[in-house]
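Reading the structure
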Amino acid sequence: MITTTKGLMDEALLDKKTGSVDNDNESTTWVEYWLEGELVHRSAHVTLKRPVTAFGETASLGD
Amino acid sequence: MANTAAFCTQAKADLMNGLHAFGASVIRAATTKDAYKAALYLTTATKDATATVYNTTGEVSGTGYVAGGVAVTTGTAPATSGTTAYFTPSASIVYTDVTLATAFDAVLIYNDTSATKLALSVHTFGSQTITAGTLTLTMPVNDATTGLMRIS
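Residues numbered from 1 in each chain as written. Chains lettered and ligands numbered in written order. Predicted model: local features only at pLDDT ≥ 70, side-chain atom pairs only at ≥ 80, totals over all residues.

**Considerations on the interface of chain A and chain B**
Accessible area lost when the parts come together is the quantity often used to give the size of an interface. Facing 25 residues of chain A, the contacting portion of chain B comprises 29 residues. At the level of secondary structure, the elements contributing two or more residues to the side of chain A that touches chain B comprise strand E2 (26–35), strand E3 (38–48) and strand E4 (52–54) of chain A. Here the element with the most residues in the side of chain A that touches chain B is E3 of chain A; it accounts for ten residues. Of the residues that constitute the side of chain A that touches chain B, the class distribution is ten nonpolar, eleven polar and four charged. As paired strands, E4 of chain A and strand E8 (residues 149–151) of chain B are joined by three bridges and run parallel to one another. Bridging across to E8 of chain B, Thr53 of chain A finds its partner in Arg150 of chain B. (Contact = placed C-beta atoms within 7 Å. Helix = DSSP H or I, 4+ residues; strand = E, 2+ residues; numbered from the N terminus. Nonpolar A, V, L, I, M, F, W, Y, C, P; charged D, E, K, R; others polar. Pairing = 2+ DSSP bridges.)

**Overview of the sheet that holds strand E5 (residues 84–87) of chain B**
Pairing in this open sheet of four strands is mixed, and the strands run E4(A)-E8(B)-E5(B)-E4(B) from one edge to the other. Both edges of this open sheet fall to E4 of chain A together with strand E4 (79–81) of chain B, since each of them pairs with a single strand only. Taking each pair of neighbouring strands and ignoring which way they run, the sheet shows an average axis angle of 25 degrees. (Axes fitted to C-alpha atoms, helices over the stretch in contact; angles between N-to-C directions.)

**With respect to the nonpolar core**
Ala39, Tyr41, Val107, Leu108, Ile109, Tyr110 and Ala119 of chain B are the most contacted members of the largest nonpolar core, which has 44 residues in total. Of all the secondary-structure elements, those providing two or more residues to this core are E3 of chain A together with strand E1 (6–7), strand E2 (36–42), E5, strand E6 (93–111) and strand E7 (119–138) of chain B. (Core = buried A, V, L, I, M, F, W, Y, C linked by C-beta atoms within 7 Å. Buried ≥ 20, exposed ≤ 12 C-beta atoms within 10 Å, placed from the backbone.)

**Details of the environment of Lys47 of chain B**
Residue and element names in this part refer to chain B. If you trace the backbone, Lys47 turns up in the loop between E2 and strand E3 (70–72). C-alpha separation for the pair Lys47 and Asn142, spaced 95 residues apart in sequence, amounts to 24 Å. Every residue in contact with Lys47, bar those within four places of it in the chain, is listed here: Asn3, Tyr41, Gly58, Ala106, Leu108 and Val122.

See the structure below:
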């Protein structure tokens, strides 16, 4: 059973579509469930890959 | 209009001023670590390094989503390796049973303890929508090379 826009439904009654993308920024998968051409469920799982970085610097004294 | 991944510039100064605390800190209002939250933003928003505080401009809305987002788990204190300090939330950020029909592609992590909700970082990903489902943001390995936030 999965959550849908129409309440809990048996997965077997729905058309399932999946997709993924993998690049330097993320690794993402998603799953969709369709009922007679209508999207009733979509979930996504995003794995973040790219950190945000700050570079600490100090100025020289006496220059 | 676009979102840009960034370690928010103001947050760098805030770190220097002790306004962020992922682990135990010096005496402020309390010595406990601060609480952080993660808010999602539409693809039409403009979150980037200039973000200073959390606000609702451009934030997603939809069934099951509460403005301000969800709590970020900070079970692992910042660490250092070599000359790099790093921090990564210790659990995935999960938005459960939501419907977010308008495309979004960014998450802002901000300090929910601070009075003004100081911005910490912006992370972007491919455009997504969620329909009666769950969005899970999984963190990278917490080390000096891939940790989510690093000062080097």
